[in-house]
Amino acid sequence: MLNLTSLLDQLLPKAFHTQCSGDELFRARITSGVTAMYFVSLVFVIVLLLLFTYLGYVEVWSAVISCSISSSCYLFQLIYFKKTGNLFIASTITILTLFGATCSFVTLTGGWQSPVVLFLFVVPMCAFLMMGHKPGIFWTGLAATAYLILGVFEYFSVPMPHVVAAEYEHLLKLFSWMFSWTIIVGGVSLYSGVVNSLNEAVNEEREKMRIKATFDEETGAYTRKAFQQLLKQKNREAALNTQSPMVLFCLELEFSQRDQLLEQAQAFHDVLDKLRATLGEEIILSRYGGLSITGLITPQPNSDIAHAVTHDIYSKLQMMLDEHGATVYMGAVFMPGFSRDVNTLTQGARKALYIAKQKNRKLVIFAKSLSKAHEQDYIGEVVRARFDQVVAEA
């Protein structure tokens, strides 16, 4: 389907893609596709008739001439539209050619009794596809009027010309059947192909928007909103497996000199790369904003290992950032021990980060939630009881 669209786009003006709406682009592709389909079909009929004439089977120069005139009109339309980009005039040329050629052929081959009289049904269908609702109704009215006139002539036994010799009548019916089958099937296939191509383009754009909404373009980390949605899912998983805790952390970089913008940006990317290199698929990262990162360490075998992993991350980051003259502060909470509410978890991790900066502890972890009256004592207890090494290094 993409190949079909690319082929049709070769028939459109170069600036048509950027200057027109999606609806106009769709109708332009259909118009060019239908016109090209009729042109190619008529050229094939001309070649076939000339071959039969050369071999002596038939001699129908009137059909060759009429097909040549129609195909020339279709070719003119393709060239005109490619040069001017005037979709309304181009589609009108195609419909006029189709309507005029069909009416003429029907009139010259017996009128109501002509084997090609049903071709008039194609005119409204093409008009709706190429020109829209109102022009489609207009051309439907003209086609209905032509049918009405032919029906009146048939009812009153008005004689109609029949230029095809009796011995070629069976060939006329055969060609009419083959041509109508080709046009109808080709038209439906063309419409289906363009629609499917548009759907693929829409789905591709939708996927791009989803990725843009899910991931930060600069860092490839999750956006805050996408991370919160993922955190809800992980929090439900953590509630089912309390023996294998996850660690939600917030970290922030602080530089001694505020004007090191390039170095800060490089250090920030180095931190992201280091986190990914250290834990790989075991860590999910989100850019919180500025020089802040929110992350989730996926389930660890037990609390002691979760502590060790968190401390190891902090130590490696700080060691790496020494050369940038930066300090990393980190606050974390255990899931689901600290809370089973996502908002409380996020707030807890941010508060742990705030305390780490305020108390200059560098790393603070909340293992479980306590009331505010005991919070400061609990933080101190956790640090003294389990993080003496961290405090000493910090």
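All values derive from a computational prediction rather than experimental measurement.

Cut-off values and rules
Residues numbered from 1 in each chain as written. Predicted model: local features only at pLDDT ≥ 70, side-chain atom pairs only at ≥ 80, totals over all residues. Heavy atoms only, no water. Helix = DSSP H or I, 4+ residues; strand = E, 2+ residues; numbered from the N terminus. Buried < 20%, exposed > 50% of the residue type's maximum accessible area, 1.4 Å probe, protein only. Contact = heavy atoms within 4.5 Å. Areas by Shrake-Rupley, 256 points an atom, 1.4 Å probe, with all protein chains shown as cover. Pairing = 2+ DSSP bridges. Expected span 1.5 Å × (residues − 1). Polar contact = N/O pair within 3.5 Å; in protein donor to acceptor, adjacent residues only side chain to side chain. Axes fitted to C-alpha atoms, helices over the stretch in contact; angles between N-to-C directions. Phe/Tyr/Trp six-rings, centres within 6.5 Å; stacked < 30°, edge-to-face > 60°. Core = buried A, V, L, I, M, F, W, Y, C linked by side-chain atoms within 4.5 Å. Salt bridge = Lys/Arg side-chain N within 4 Å of Asp/Glu carboxyl O. pLDDT = per-residue confidence, 0-100. Parallel < 35°, antiparallel > 145°, perpendicular 65-115°, else oblique.

A. A look at the overall build of the chain. Across its full length, the chain carries 14 helices and five strands. Here the chain holds 394 residues, and the buried ones make up 44% of them. Counted over contacts in the chain with a minimum sequence separation of 6, partners at least 24 positions apart contribute 68%. In the structure as shown, the chain presents an accessible area of about 21,200 Å², 61% of it carried by carbon and sulfur atoms.

B. Up close: the pairing of strand β2 (residues 283-289). Bridging between β2 and strand β3 (residues 292-297) involves six bridges; their strand directions are antiparallel. Each bridged residue has a counterpart across the sheet, and for Arg-287 the counterpart in β3 is Ile-293. What sits between β2 and β3 in their antiparallel hairpin is a turn of two residues, with Gly-290 showing a positive phi close to 60°.

C. Region of interest: the side chain of Arg-27. When you line up the elements, Arg-27 lands in helix α3 (residues 22-55). Each residue touching Arg-27, except ones within four places of it in the same chain, is listed here: Leu-87, Leu-129, Met-130, Met-131 and Gly-132.

D. Structural view of helix α12 (residues 342-358). The terminal C-alpha atoms of α12 lie 24 Å apart, and with 17 residues this matches the ideal 24 Å at 1.5 Å per residue to within 8%. Along α12, the residues that are buried comprise Val-342, Leu-345, Thr-346, Gly-348, Ala-349, Ala-352, Leu-353, Ile-355 and Ala-356. Of the residues flanking the start of α12, the one acting as N-cap is Asp-341, its side-chain oxygen 3.3 Å from the backbone nitrogen of Asn-343. Directly beyond the C-terminal end of α12, a positive phi value near 55° is found at Asn-360.

E. Structural view of the sheet that holds strand β4 (residues 326-335). In space, the five strands of this open sheet follow the order β2-β3-β1-β4-β5, with mixed pairing throughout. Looking at strand neighbours, the two that pair on one side only are β2 and β5 (363-366), the edges of this open sheet. Looking at each pair of strands side by side, their axes are set apart by 15° on average, direction ignored. Bridging between strand β1 (residues 246-255) and β4 involves ten bridges; their strand directions are antiparallel. Its bridge partner lying in β4, Phe-249 is registered against Ala-332. Of the strands in this sheet, β1, β2, β3, β4 and β5 touch α12, which is tilted by about 145° from β4.

F. Highlighting the packing of aromatic side chains. The full count for this structure, using the stated rule, is eight aromatic pairs. An angle of 80° between the planes, with centres 6.4 Å apart, marks the rings of Trp-112 and Tyr-147 as edge-to-face. In this pair, Trp-112 sits in the loop between α5 (87-108) and α6 (122-131) while Tyr-147 sits in helix α7 (residues 133-155), placing the two residues 35 residues apart along the sequence. Taking the relative accessible area as the measure of exposure, Tyr-147 reaches 15% and is therefore buried.

G. Fine view of the pairing of β1. By the criterion of burial, β1 is predominantly enclosed, with nine of the ten residues buried. Across six bridges, the pairing between β1 and β3 is antiparallel. Bridge pairing in β3 links Glu-252 to Ser-292.

H. Examining the side chain of Thr-102 more closely. For Thr-102, the location among the structural elements is in helix α5. Its relative accessible area of 8% is what places Thr-102 among the buried residues. Contact partners of Thr-102, with chain neighbours within four places excluded, come to Val-116, Phe-119 and Leu-120.

I. A look at the nonpolar core. Counting residues in hydrophobic clusters, the biggest one holds 39 residues, and the most contacted among them are Tyr-38 and Ile-95. When contributions to this core are tallied by element, the ones reaching two or more residues are α3, α4 (61-84), α5, α6, α7 and α8 (169-214). Grouped together as the second largest cluster of nonpolar side chains are 30 residues, Phe-268, Ile-313, Ala-332 and Ile-365 included.

J. Here's a closer look at the pattern of salt bridges. Overall, the coordinates contain four salt bridges when judged by the stated rule. Asp-312 is the salt-bridge partner of Lys-316, the closest N and O atoms lying 3.3 Å from each other. Of this pair, Lys-316 and Asp-312 both sit in helix α11 (residues 303-321), four residues apart, which is roughly one turn of the helix. You can call Asp-312 partly exposed: its relative accessible area is 31%.

K. Seen up close, the confidence of the model for the chain. Counting all residues, the mean pLDDT for the chain is 79, and 89% of those residues have values of 70 or more. Model confidence for the chain, summarised as mean pLDDT per element, is weakest for helix α14 (residues 388-393) at 31 and strongest for α7 at 92.

L. Structural detail: the packing of α5 against α6. Contact pair α5 / α6: the axes reach a minimum separation of 10 Å and the direction vectors enclose 175°. Between α5 and α6, the crossing angle belongs to the class labelled roughly antiparallel. Where α5 abuts α6, its residues Phe-88, Ser-91, Thr-92, Thr-94, Ile-95, Leu-98 and Phe-99 lie against Val-122, Val-123, Cys-126, Ala-127, Met-130 and Met-131.

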